[in-house]
Amino acid sequence: MPTRTLHLNGEKVTVEAEDDVRLLWVIRDLLGVTGPKYGCGINVCKACTSHINGKAFNPCSVPVSDISEDDEITTIEGLADGDTLHPMQQAWIDNDVAQCGFCQPGQIMAAVAKVRQCRKEGRDVDDAAIEEIRNICRCGTYNRIREAIKAGSENM
Amino acid sequence: MAQHRVAPAPPREGLRAPVGRRKFLGYLIAAPTLVVAAELTRQEVFGTSSATAAPILSAPQPPEAYDLLDLLRDSMRPTANLIRIEVNKDGTVSFALPRSDNGQGIITSTQMIIAEEMGLDVDQVHVTLADARPELLFNQITGGSSTTFTTYTPIRVAAALAQMRLLDAAAQLMQQDVRTLTARKGLILDPLGNSLPIGDLAGPAASSVTEQVEVALKPREDFTVIGKPQGKTDARDMVTGRKCFVNDLQIPDALPTVICRAPDLNGTPDDVDNLDEVRNMPGVTDVEIVSTGVAVRAKTFGQAIDGVRALEVAWNRGTVAGEDDASILKKLKAAELPLVVPAGAVDTVEGSFTFYFKSNSSLEPNTAIADVRGNRAEIWGPMKNPVTAQNAIAKKLGIPQSNVTVHVIQGGGSFGRKLFFDAALEAAEVSQKMGKPVKLMWTRADDSRQGRVHPMATSRVRATVTEDSVLSFEQRHTSVSTDFTHGLGDAITAAGAKAPGGNLTFAESIFELTQASPYNYGVSTRLLNEVDMRFNTSSMRNVYSPDVTTAREVVTDQLANRMGRDPYEFRREFARSDRIRGVLDAVAKEGRWGRSMKKGTAQGLGIHHEYKGVTAALVEIDCRPETVNRPIREGVTGPRVTKVTFAIDAGLVINPKGLEAQMMGGINDAIALILTSSLHLTDGHFVEASWDNYFYTRQWNTPPELNIIIVESDHDEPGGAGEAGVAATAGAIANAYARAVGKVPTYFPINHLDPFPFEPKPLVPPIPESPVDGLRYTY
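Treat the numbers as computed from the prediction; the structure is a model and nothing was measured. Throughout, a residue's number is its position along its own chain's written sequence, starting from 1. Each chain takes a letter, starting from A, and each ligand takes a number, starting from 1, following the order in which they are written. Local features in a predicted model are, by the rule used here, given only for residues with pLDDT of at least 70; side-chain atom pairs are given and counted only at 80 or more, and totals for whole chains, interfaces and linings are based on all residues.

A closer look at the overall build of chain A
So, point 1. Within chain A one finds 5 helices and 5 strands.
So, point 2. Relative to the compact-globule value of 15 Å for 156 residues, chain A shows a C-alpha radius of gyration of 15 Å, a close match. Secondary structure elements follow DSSP: runs of H or I of four or more residues count as helices, runs of E of two or more count as strands, with numbering from the N terminus. This radius of gyration counts C-alpha atoms alone. The globule rule is 2.2 Å times how many residues there are, raised to the power 0.38.

Section: the overall build of chain B
So, point 1. Looking only at helices and strands, chain B has 20 helices and 32 strands in total.
So, point 2. To sort residues by burial, count the other C-beta atoms lying within 10 Å of each one's C-beta; a count of 20 or more means buried, 12 or fewer means exposed, and anything in between means partly exposed. C-beta atoms are built from the backbone. Taking all 779 residues of chain B together, 57% fall into the buried category.
So, point 3. We call two residues in contact when the distance between their C-beta atoms, placed using the backbone, is within 7 Å. Within chain B, contacts between residues at least 6 apart in sequence are counted, and of these 80% link residues at least 24 apart.

Brief notes about the nonpolar core
All names here are of chain B.
So, point 1. Throughout this description, the term nonpolar core refers to a group of buried Ala, Val, Leu, Ile, Met, Phe, Trp, Tyr and Cys residues whose C-beta atoms join them within 7 Å. In terms of nonpolar packing, the biggest core is built from 260 residues, with Ala 424 and Ile 733 touching the most fellow members.
So, point 2. It is helix H4 (residues 147–174) that contributes the most residues to this core, 12 residues altogether.
So, point 3. Leave out the neighbours within four places in its chain, and Ile 733 touches Gly 604, Val 619, Ile 621, Val 641, Ala 670, Ile 671, Ile 674 and Leu 675.

Some words on helix H20 (residues 726–741) of chain B
All names here are of chain B.
So, point 1. For a helix, the expected span equals 1.5 Å multiplied by the residue count minus one. Compared with an ideal rise of 1.5 Å per residue, which puts 16 residues at 22 Å, H20 spans 23 Å between its outermost C-alpha atoms and is within 8% of the ideal.
So, point 2. Burial runs high along H20: 15 of the 16 residues are buried.
So, point 3. The first or second residue beyond H20 is Gly 742, which carries a positive phi of 75 degrees.

Some thoughts on the interface of chain B and chain A
So, point 1. On the side of chain A, 61 residues touch chain B, which itself brings 57 residues to the contact.
So, point 2. Broken down by secondary-structure element, the contributors of at least two residues to the side of chain B that touches chain A are helix H6 (235–240), helix H8 (301–310) and helix H19 (656–676) of chain B.
So, point 3. A total of 6 residues in the side of chain B that touches chain A trace back to one element, the largest contributor, which is H19(B).
So, point 4. Only Asp, Glu, Lys and Arg are considered charged in this grouping, and only Ala, Val, Leu, Ile, Met, Phe, Trp, Tyr, Cys and Pro are considered nonpolar; every other residue, Gly among them, is considered polar. In terms of residue class, the side of chain B that touches chain A is made up of 21 nonpolar, 24 polar and 12 charged.

A look at unusual backbone geometry
So, point 1. In the segment running from B:Phe748 into B:Pro749, the intervening peptide bond is cis, with an omega of -5 degrees.
So, point 2. Relative to the helices and strands, B:Pro749 resides in the segment after strand E32 (747–748).
So, point 3. A cis amide bond, omega -5 degrees, links B:Val764 with the succeeding residue B:Pro765.
So, point 4. Among the secondary structure elements, B:Pro765 is positioned in the segment after E32.
So, point 5. Phi at A:Asn9 is positive, roughly 50 degrees, even though this residue is not glycine.
So, point 6. With respect to the element layout, A:Asn9 can be found in the loop between strand E1 (3–8) and strand E2 (11–16).
So, point 7. Of the residues examined, A:Asn9 has 19 C-beta atoms within 10 Å and is grouped as partly exposed.

Topic: the sheet that holds strand E8 (residues 187–189) of chain B
All names here are of chain B.
So, point 1. Whether two strands pair comes down to DSSP finding at least two bridges between them. A sheet is described by the order of its strands in space; here 3 strands give the open sequence E7-E8-E9, paired in antiparallel fashion. Among the strands making up the open sheet, the edge pair consists of strand E7 (182–184) and strand E9 (195–197). Sheet twist, expressed as the mean angle between neighbouring strand axes with direction ignored, is 25 degrees.
So, point 2. As judged from the 3 bridges shared by E8 and E9, these two strands associate in the antiparallel manner. Opposite Ile 188, over in E9, you have Leu 196 as the bridge partner. Comment: axis = line fitted to C-alpha atoms, over the contacting stretch for helices; angle = value between 0 and 180 degrees taken between N-to-C directions.

Concerning the packing of helix H15 (residues 545–562) of chain B against helix H16 (residues 567–574) of chain B
Residues and elements named next belong to chain B.
So, point 1. The geometry of H15 relative to H16 is characterised by a closest axis approach of 9 Å and an angle of 105 degrees between their N-to-C directions. Here H15 lies roughly perpendicular to H16, going by the angle between them. Contacts between H15 and H16 involve Thr 556, Asp 557, Leu 559 and Ala 560 on the former and, on the latter, Pro 567, Phe 570 and Arg 571.
So, point 2. Partitioned by chemical class, the residues of the contact of H15 with H16 number 4 nonpolar, 1 polar and 2 charged. We call two directions roughly parallel when the angle between them is under 35 degrees, roughly antiparallel when it is over 145, roughly perpendicular when it lies between 65 and 115, and oblique otherwise.

Details of the pairing of strand E4 (residues 82–87) of chain B
Residues and elements named next belong to chain B.
So, point 1. Within E4, 5 of the 6 residues are buried, leaving the element largely enclosed by the surrounding structure.
So, point 2. Of the pairings in the sheet, the one linking strand E2 (residues 35–39) to E4 comprises 5 bridges and is antiparallel in character. Across the sheet, residue Ala 37 finds its bridge partner in E4, namely Arg 84.
So, point 3. Taken together, E4 and the strand that follows it, strand E5 (residues 93–97), pair antiparallel across an intervening segment of 5 residues, in which Gly 91 is found at a positive phi of about 85 degrees.

Description of H19(B)
So, point 1. Compared with an ideal rise of 1.5 Å per residue, which puts 21 residues at 30 Å, H19(B) spans 29 Å between its outermost C-alpha atoms and is within 8% of the ideal.
So, point 2. Most of H19(B) is tucked away: 19 of the 21 residues are buried.

Some points on the sheet that holds strand E5 (residues 72–74) of chain A
Residues and elements named next belong to chain A.
So, point 1. Overall, mixed pairing links the 5 strands, which are arranged E2-E1-E5-E3-E4 in an open sheet. Only two strands of the sheet have a single neighbouring strand rather than two, namely E2 and strand E4 (55–57). Averaged over neighbouring strand pairs, the angle between their axes works out to 40 degrees when direction is ignored.
So, point 2. Here strand E3 (residues 50–52) runs beside E5; their pairing, made up of 2 bridges, is antiparallel. Paired with Ile 52 across the two strands is Ile 73, which belongs to E5.
So, point 3. In the packing of helix H3 (residues 104–121) onto the sheet, contacts are made with E3 and E4, and the angle to E4 comes to roughly 140 degrees.

Considerations on the pairing of strand E21 (residues 438–441) of chain B
Residue and element names in this part refer to chain B.
So, point 1. Burial of the side chains of E21 extends over both faces: Val 438 and Leu 440 are buried on one face and Lys 439 and Met 441 on the other.
So, point 2. Summarising the sheet, strand E11 (residues 255–260) and E21 pair through 3 bridges and their orientation is parallel. When the bridges of E21 are listed, Thr 257 appears paired with Leu 440.
So, point 3. Relative to E21, strand E18 (residues 367–373) runs antiparallel, the two sharing 4 bridges. Within E21, the position partnered with Ala 368 by the bridge is Leu 440.

Considering the environment of B:Glu336
Residue and element names in this part refer to chain B.
So, point 1. Along the chain, Glu 336 falls in the loop between helix H9 (325–335) and strand E16 (348–355).
So, point 2. Glu 336 sits 42 residues away from Glu 378 along the chain, and the two C-alpha atoms are 45 Å apart.
So, point 3. What Glu 336 contacts, discounting residues up to four positions off in sequence, is Thr 458, Arg 460, Arg 476, Thr 478 and Asn 529.

Some words on the packing of helix H2 (residues 87–94) of chain A against helix H5 (residues 142–154) of chain A
Residues and elements named next belong to chain A.
So, point 1. Two elements in contact, H2 and H5, have axes separated by 8 Å at closest approach and are oriented at 140 degrees. It follows that H2 is oblique to H5 by the angle criterion. The way H2 lies across H5 gives a crossing that is right-handed. Contacts between H2 and H5 involve Pro 87, Met 88, Ala 91, Trp 92 and Asp 94 from the first element and Ala 148, Ala 151 and Gly 152 from the second. Crossings are assigned a handedness: left-handed for a near helix turned anticlockwise from the far helix by less than a right angle, right-handed for a clockwise turn.

Focus: the environment of A:Asp70
So, point 1. Mapping A:Asp70 onto the fold places it in the loop between E4 and E5.
So, point 2. In the structure, A:Asp70 is positioned 64 residues away from A:Leu6 in sequence and 8.0 Å away in space, judged by C-alpha atoms.

Some details on the confidence of the model for chain B
Interpreting fine coordinate detail is not advised for predicted regions of low pLDDT.
Residues and elements named next belong to chain B.
So, point 1. pLDDT gives the predictor's per-residue confidence on a scale running from 0 to 100. A residue-level look at chain B finds 87% of positions with pLDDT of 70 or above and a mean pLDDT of 88.
So, point 2. Segment residues 1–19: pLDDT under 50, and 23 contacts once partners within four positions in sequence are set aside and those in other chains are kept.
So, point 3. Note on residues 42–60: pLDDT under 50 across the span, and 27 contacts to partners over four residues away in sequence or across chains.

Describing the environment of B:Leu275
So, point 1. Along the polypeptide, B:Leu275 turns up in helix H7 (residues 275–279).
So, point 2. Considering only alpha carbons, one finds B:Leu275 and B:Asp286, 11 residues apart in sequence, at a separation of 9.5 Å.

Structure follows, in structure tokens:
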């Protein structure tokens, strides 16, 4: 079985996995990093949203063999700077967004990437931009997510 | 736990038990540090009795005097087992809540209740979820929006007793009159500014004997914690990925396990052609035929899913083989109970509505860990009903119930689903068969196609009217049977519900206890008939209310219309109470009822009364073609609810932030139920297999403007919150839609009969393959 080196949350880790195992399962089941959640496995619910080289992606739909050693993978566990939360995480707490919390790691990672994308494209982080985010929240926290994204983006 | 019955201590005098204040019984428990307890029932000693003595089912409107919350609480009365609060030497206070938190915020609100009574900061209180405790009998179920209502007083009694003991101990040590001492942030303070931390008092305040003690509770006017907005105390864990759901637990050797399921709903395996081939696939460790399918255990879930996809299984037909939406609707129509007033005899307003199947999937799919070895089993799962689960698992495994340990883990949403423990039962069976621990997860396709659903139902309404009055209002609700075999949280009532005819009686009771009409409509009758169709059903953020209310509210608008009245003025006039008028007025004022709206857009109203609370919603909807047809990739757009103004009078509010969050969730649920989300039954199976088929509310459906008003209430007990946001909103959306398009809908969701906006996923293999093109969609 191939041994792979991954750059995960700022650390180099090695893991043995077949080529076609999706990155989500490598991260969760083999490396024990459980922030990214399974909600559908087909890139629809977005509960596993993480970052690859700073951009949002869904590891449930990427074979581990597609990831090179140079790719920086960041899950929710790697978003904060040590004990200092990322402004988006802080905005989530300030707005008391989470209910069950299952989708929220993916929501936060999506929000951070969406704000970065808007900045790059010179767009406002407004309702229209937020409505491009496809992550499902079955508790229905969407309205507080909107408030948190707007607040968090101001401090990013 | 042994039960101690000693004579009550003599009544205490002084500040803490003023004459006229209600007193309650708590227990001091013999222990090296301070441990106090209370019965998880009401334990009032004397004083004004609460108005809960009305006989079940006899009053014309039972829910007004005695509703589901009372039933749940009173079903807990027969037991005398205790919930315990412990004061620790580190100055913290611990409590194991015999309930299940799936995002409702009851851990936070329980911390607040204890902190209030003991003068602590909220984070000085540690609340965990208790393992299954069969000795609590009925007392360990999380459902019917009952948690806060049923636990509020007992927890306060225990906390107040702990506080009394700490003050007494401090008074002795500080040599001060106890009446001069105060408590703040875990310190007991005397008037001179000296203080003692409660951790130091945990030993001195302990009791060497177990005894019953009378205690008075803190008066409401002194509250400083209850009623103040409090963020979730585990929010930091949630936003950093540290919160552990059952799938995140690292239990040694509990490897990922997935079940290959039949194409038919509840189909069962007959034979497998290639067991050994699949056993030799990469990562796969075990493959076994079990009662619900073929279980594959592997190093990763991905490899277990690959194994499931490779299996060649011959299946037996399912429980609804060959049935579809139309055939079930026909059976429901045939089972509708007759209306008393004949059609056409007098002036009538009628409505007949169909509510299609809905999936109550939470985002966390059914998941459980089981480690069954010999005649012992250890189970981990997000169970709202762990005692019934423990009994059922023991029965399935053929071992004594006392040999089954059930750990209750926080769940990733429930909405009713986790009243059942389908994954835990399967995990136990699989673990026993494989002889190894398993972490069993339903994939999304399993959850959507084979998981529990909110039953399909019809609601028929006939009202008779004169020029200015409603003489009668008959509602006949006919539903595929809702599974209440979880009972009230213990194996005895669950067995009763499983007896022939048992479930119907139970369902009828739940219906009667929850469905009050908020209107004075003359002779008003609501009857339920249920038809068992062998579906896997359960409640879904309520059992009957969203559907029953939608039917009633739509007909209410038509009654107003018939009399030439404004829908708001009409509701005001016919509302049964000032409390209802209070929330109705609040939304009408804040939401600007009657403001001018563009063609193709409209406002709509709905009201509801349940769970000791009343609610009203004023909704604005946009049904213009440019909105309905706005393009969203693999999503459903449809009419957009653009604004919701919602008001609730919930009685005493523990945490306004938490209550508001529950209402927000209920409002987003109502949008899904009325506009976008349903399951389609075709040839004995449900078509929808994931969130790109089943259209729960997404960011592009949620209202850009949302205003939730918590109306001041003088009720001194907390009502239910978990389900209270849905019904009034659902009715209001239906009415807004009808006014915007000029046509009253007769089925819900309104897009159910449209062509599928998706290509159905295959039934064999039962789980779609994970894509490999994820890197094409980065942003």
